[in-house]
Amino acid sequence: VTAEAARLQTQSAERSGLISAQVFERVSLKGRDYLGMVALLPGVIDTRNREAPGWNNIGGITINGNRSGTINLTLDGVSSLDTGSMTGPYLAPSVEAVGELKVLLTNYQAEYGRSSGGTINAVIKGGTRDFHGTAYYFKRNEAFNANEFFRNRDGLPRPRYRFDYPGYTVGGPLYLPGKFNTSKEKLFFFWSQEFLPRKYPTRVGRLNFPTGAERSGDFSRSLDTNQRLIQVLDPLNNRQQFPNNIVPASRIDRSGQGLLNLFPLPNAVDPANTFNAAFQSQVDQPRDEDLLRIDWNISQKTIFYARAIRDYEAFRGDFNFVLASDNWPQFPIEYSIQSAGLVSTLIHTFRPNLVNEFTFGINRALQLVKPLNQAGIDRNDRNKLNLNLPQFNPSINPLNLVPNANFGGVTNAPQLNIEQRYPFFGTNNIWNWSDNLSWIAGSHNLKFGFYLERTTRNAARSSAFNGTFDFGRNVNNPLDSNHPYANALLGIVNSYTEADGHPNAHARYRNLEWFVQDNWKVSKRLTLDYGVRFYWIEPTASAGDRLAA
């Protein structure tokens, strides 16, 4: 048993925290997400439920109360963020591969910049003279869980919850006995690989779908939450109630009826009439990662290392994840994120008091959305559904997908909702160059340097490419029937919106920064830590586009 008293940080004026590899080994993380460790530090709040590592996991972290989007997240000194939204990361190394995690909380030196909030920097392990390796397997399964009361009540099975999480690392010297690196002091490697074929349930949805009777025009049993009949009014008869609250078959608009028939039939009963259908889907979210670091001691004065990482993550399902419907399982898609990063650093010692460090790195990511299967396309194809709903601009909807539609006024109303950026693509490339020169002159520890970042961010933009109908209840609409589903059956709309284009954006920007700082030990009892950093930030431009905002 050992103990160490907390000491005052006297090397610089910064407030920071360092989490070492030993802490990662000794602290259990349910989701195996290295960013979950930052919550151990004072001034850091983490509100995210970290089920697993992966894309966008910086969300939920706040450092000293700063806004989201002000945190700079780096991997071996290179930004690992989605510069479209300042979220991320694309690259999420294994807990077993992280050598240390440093969080700069506030008052840090001029060397660190780019963002106005805190900085989180992860450093990957390197190889050593001895061979070391680890192998691991973590498992979570619904067999270990009990079902919930309300799921039992609604007849829903225990939700699928499966994490089978294997991985391994190996590191050591690169040598050939008697021929190359025989002293095992020149060249080293570290390799990490892990797999997470994750499957998880969506949230339980509870909505009021149109009943079979309502789809045929019979609203005689359509009650509100107070158990009162919802009157359906005839807009062609001074808005008098239809006899027996039934819309005649001759008045039914077949396209409006076809839109209602896209919804599944009710499968549940709620005495309060707040929902008539309970449903849940499954999302298949595979993830895998490969990581390699090479360290090379070129000479006594020069060392070099390079690190490469590749991540793949995908979401496959029909409901309740990014770029999929969040209302009900309408349109199955596959959303994939393919990312890779490379960083190289050269450190040269000119003399014992003069050291230069040059780093170049690039992180790249590609996001794609495509239909998960042909059945999903067929289920949302206007032609195959015999919907007579022409568009003003059909060229921007090449799959001829059904329009979106809202039914405001129904308690827990469903929607027809295909994500307005579909078919989505997004590319994000970040190039970083930095050079720092450290010079110890007497009691002064001087440092000079520059930082250059170039970013390209190409992505599909939102537009009502398939058109959007609003069938909601509206007392100001003289044709309103008093029920959104009856409005659809009668062909009555509050509004229809359709874009005349489906644009993409191609953002570009450069960011140049330079600094000088000094850590001056005036005496044994007094140290002055001061510096200045300059920024030149170009306005973001969109290459070759005509945009308005």
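Up top you'll find the structure we're talking about.
Here's a quick rundown of the structure.

## Some points on the overall build of the protein
- Per the secondary structure count, the protein includes six helices and 26 strands.
- Seen along its three principal axes, the alpha-carbon backbone of the protein occupies a region of about 95 × 55 × 50 Å.
- For the protein, the residues scored as buried account for 47% of the 549 residues in total.
- Of the contacts formed within the protein by residues at least 6 apart in sequence, a portion of 70% connects residues at least 24 apart.
- In the protein, the 57 positive side-chain charges and the 49 negative ones have mean positions that sit 3 Å from each other.

## Notes on the sheet that holds strand E23 (residues 495–497)
- Ordered by their spatial adjacency, three strands build an open sheet running E19-E22-E23, and the pairing between neighbours is mixed. Of all the strands in the sheet, just strand E19 (404–406) and E23 have a single pairing partner and so form its edges. Taking each pair of neighbouring strands and ignoring which way they run, the sheet shows an average axis angle of 15°.
- Judged from the three bridges that link them, E19 and strand E22 (residues 468–470) form a sheet pairing that is parallel. Opposite asparagine 406, over in E22, you have aspartate 470 as the bridge partner.

## Here's the deal with the sheet that holds strand E4 (residues 72–75)
- Ordered in space as E1-E6-E7-E4-E5, the five strands form an open sheet in which the pairing is mixed. Two strands lie at the open edges of the sheet, namely strand E1 (15–20) and strand E5 (78–79), each paired on one side alone.
- When E4 meets strand E7 (residues 119–124), the two strands line up parallel, connected through four bridges. From the neighbouring strand, threonine 74 faces E7, where its bridge partner is asparagine 121.

## Topic: a nonpolar patch on the surface
- Taken together, the side chains of Trp296, Ile298, Leu346, Phe358, Trp439, Phe448, Phe450, Trp514, Val516, Val532, Phe534 and Trp536 define a hydrophobic patch exposed on the protein surface, amounting to about 1,000 Å² of accessible area.
- No other element matches the three residues that strand E25 (residues 526–537) contributes to the nonpolar patch.
- Relative to the helices and strands, phenylalanine 534 is located in strand E25.
- Phenylalanine 534 gets classed as partly exposed once you look at its relative accessible area, which sits at 40%.

## Focus on the packing of aromatic side chains
- Taken as a whole and judged by the stated rule, the model has 22 aromatic pairs.
- An angle of 55° between the planes, with centres 5.4 Å apart, marks the rings of phenylalanine 263 and tryptophan 328 as tilted. Highlighted residues: phenylalanine 263 in the loop between helix H4 (254–260) and strand E14 (277–279) and tryptophan 328 in the loop between strand E16 (302–317) and strand E17 (333–351), separated in sequence by 65 residues. Take phenylalanine 263 and tryptophan 328: they sit in the same class, and that class is buried.
- Ring geometry for phenylalanine 469 against phenylalanine 471: centres 5.5 Å apart, planes inclined by 10°, an arrangement best described as stacked.

## What about the pairing of strand E9 (residues 163–173)?
- Inspection of the sheet shows strand E8 (residues 132–140) paired to E9 by nine bridges, in the antiparallel sense. The partner of lysine 139 across the bridge, within E9, is aspartate 164.

## Overview of the pairing of E25
- Here strand E24 (residues 504–523) runs beside E25; their pairing, made up of twelve bridges, is antiparallel. If you follow valine 516 over to E25, its bridge partner there is valine 532.

## Details of the side chain of histidine 483
- Position of histidine 483 relative to the elements: it lies in the loop between E22 and helix H6 (484–490).
- Within the local environment of histidine 483, its side chain forms a polar contact with the backbone nitrogen of tyrosine 485, the two atoms lying 3.1 Å apart.

## Topic: the nonpolar core
- Of all hydrophobic cores here, the largest spans 82 residues; its most connected members are Tyr34, Leu101 and Ile120.
- At five residues, H6 tops the list of elements feeding residues into this core.
- With near-sequence residues (within four places) excluded, leucine 101 lies in contact with Gly17, Leu18, Ile19, Phe24, Tyr34, Met37, Val38, Ile120, Asn121 and Ala122.
- Counting five residues, the second-largest nonpolar core is a separate cluster that includes Ala52, Phe163, Tyr165 and Leu196.

## Focus on the pattern of salt bridges
- Applying the stated criterion across every chain yields a total of 32 salt bridges.
- Across the pair aspartate 76 and arginine 307 runs a salt bridge, and its minimum N-O distance is 2.8 Å. Of this pair, aspartate 76 sits in the loop between E4 and E5 while arginine 307 sits in strand E16, placing them 231 residues apart in sequence. Grouping residues by exposure puts aspartate 76 and arginine 307 together as buried.
- Overlapping salt bridges bring together Lys199, Asp284, Arg316, Glu334 and Lys370 as one network.

## Some points on unusual backbone geometry
- In this structure, the amide linkage connecting glycine 88 to the following residue, proline 89, adopts the cis form with an omega of 5°.
- Secondary-structure assignment places proline 89 in the loop between E5 and strand E6 (98–106).
- The residue after tyrosine 422, namely proline 423, is reached through a cis peptide bond having omega -10°.
- Within the secondary structure layout, proline 423 lies in the loop between E19 and strand E20 (425–441).
- Positive phi is not limited to glycine here, since asparagine 245 has a value of about 60°.
- You can see asparagine 245 is positioned in the loop between strand E13 (240–241) and H4.
- Since its relative accessible area comes to 0%, asparagine 245 is described here as buried.

## With respect to the environment of glycine 43
- Structurally, the position occupied by glycine 43 is in the loop between helix H1 (21–26) and strand E2 (44–46).
- Each C-alpha atom of the pair glycine 43 and arginine 15 lies 9.8 Å from the other, and the pair is 28 residues apart in sequence.
- Those residues in contact with glycine 43 that lie beyond four places of it in its chain are Thr62, Ile63 and Asn64.

## Observations concerning the side chain of aspartate 318
- One can find aspartate 318 in the loop between E16 and E17.
- Although aspartate 318 is buried, it forms no salt bridge, and the closest oppositely charged side chain is arginine 379 at an N-O distance of 5.0 Å.
- Among the polar contacts listed, one links the side chain of aspartate 318 to the side chain of serine 281, at a separation of 3.0 Å.
- Beyond its immediate sequence surroundings of up to four residues, aspartate 318 is in contact with Ser281, Ser325, Trp328, Pro329, Gln330, Phe331 and Pro332.

## Considerations on the environment of alanine 277
- The topology assignment puts alanine 277 in strand E14.
- Sequence-wise, alanine 277 and leucine 187 are 90 residues apart; in three dimensions their C-alpha atoms are separated by 63 Å.
- If sequence neighbours within four positions are ignored, alanine 277 has contacts with Gly205, Arg206, Leu207, Phe209, Pro266, Asn267 and Ala268.

Calculation rules
- Residues numbered from 1 in each chain as written.
- Predicted model: local features only at pLDDT ≥ 70, side-chain atom pairs only at ≥ 80, totals over all residues.
- Heavy atoms only, no water.
- Helix = DSSP H or I, 4+ residues; strand = E, 2+ residues; numbered from the N terminus.
- Buried < 20%, exposed > 50% of the residue type's maximum accessible area, 1.4 Å probe, protein only.
- Contact = heavy atoms within 4.5 Å.
- Lys, Arg positive; Asp, Glu negative; His and termini not counted.
- Charge placed at Lys NZ, Arg CZ, Asp CG, Glu CD.
- Pairing = 2+ DSSP bridges.
- Axes fitted to C-alpha atoms, helices over the stretch in contact; angles between N-to-C directions.
- Patch = residues over 30% accessible without salt bridge, like charges linked within 9 Å, V, L, I, M, F, W, Y side chains within 5 Å.
- Areas by Shrake-Rupley, 256 points an atom, 1.4 Å probe, with all protein chains shown as cover.
- Salt bridge = Lys/Arg side-chain N within 4 Å of Asp/Glu carboxyl O.
- Phe/Tyr/Trp six-rings, centres within 6.5 Å; stacked < 30°, edge-to-face > 60°.
- Polar contact = N/O pair within 3.5 Å; in protein donor to acceptor, adjacent residues only side chain to side chain.
- Core = buried A, V, L, I, M, F, W, Y, C linked by side-chain atoms within 4.5 Å.

Without other data, these values stay purely geometric and don't point to any function.
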